[in-house]
Amino acid sequence: MSDSFEPEITVLYCGHSLASEDHLSEGAKAGPGFKARFVMMPCSSKIETRYLIKLIEKGADGIVVMACPQKQCQFQIGSGRAQNRLNQARALLDEAGMHGERLGIVQGQSFSANEIMAAAKERADAVLLLGQNPMKSTR
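Each value, and the rule that gives it
Residues numbered from 1 in each chain as written. Predicted model: local features only at pLDDT ≥ 70, side-chain atom pairs only at ≥ 80, totals over all residues. Heavy atoms only, no water. Helix = DSSP H or I, 4+ residues; strand = E, 2+ residues; numbered from the N terminus. Buried < 20%, exposed > 50% of the residue type's maximum accessible area, 1.4 Å probe, protein only. Contact = heavy atoms within 4.5 Å. Polar contact = N/O pair within 3.5 Å; in protein donor to acceptor, adjacent residues only side chain to side chain. Core = buried A, V, L, I, M, F, W, Y, C linked by side-chain atoms within 4.5 Å. Arc of directions from axis to C-beta.

Caption draft 1: Broad picture of the environment of Asn-133. Turning to its location among the elements, Asn-133 is positioned in the segment after helix H3 (113-130). Classification of Asn-133 by relative accessible area gives buried; the value is 1%. Sequence-wise, Asn-133 and Glu-8 are 125 residues apart; in three dimensions their C-alpha atoms are separated by 9.2 Å. Apart from residues lying up to four places away in sequence, Asn-133 is in contact with Ile-56, Gly-59, Ala-60, Asp-61, Met-98 and Arg-102. In this structure the side chain of Asn-133 is engaged in a polar contact, spanning 2.7 Å, whose partner is the backbone oxygen of Ile-56.

Spelled out as structure tokens, the structure:
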């Protein structure tokens, strides 16, 4: 593993889980030792297993999903559906030898921009132990 490896983390966040006073700019942002790319979703239930796998295939080293708490989702089933789909994607990555730990979910409400960046850093730290996404070498 290269000493210069900086994990690229995709952060998928539910627009309803962000603190009303905070705003995240879509796109990339550098953090200490990692890069984060923010993508707002209308609800975490919109996350599909194939979409998570496609993000890894396209080169993301890790993904963190920011979702509402189980019983507090505006659409009632979003967080549970997101968790199930993330678990399916983890199982597929494990089966392919790609480490399902590349994917994570954090449930909560009124996340600040700093809390979302901290979740990205936590996922980056976990991914750092796994090494760079092997799909990057095939792009």
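Caption draft 2: Representation of the nonpolar core within the structure. Ranked by internal contacts, the top residues of the largest apolar core, which has 18 residues, are Leu-12, Leu-52, Ile-63, Val-65 and Leu-103. For this core, the secondary-structure elements that each account for two or more residues are strand S3 (34-41), helix H1 (49-57), strand S4 (62-67), helix H2 (78-95) and strand S5 (103-107). Among the elements that make up this core, the one with the highest residue count is H2 (four residues). If we ignore the near neighbours within four places in the chain, the residues touching Val-65 are Leu-12, Ser-44, Ile-47, Leu-52, Leu-86, Gly-104, Ile-105 and Val-106.

Caption draft 3: Structural view of H1. Along H1, the residues classified as buried are Thr-49, Leu-52, Leu-55 and Ile-56. Angular distribution of buried residues about the axis of H1 spans 125 degrees; they occupy a single face of the element. Positioned one or two residues after H1, Gly-59 has a phi angle of 120 degrees, which is positive.

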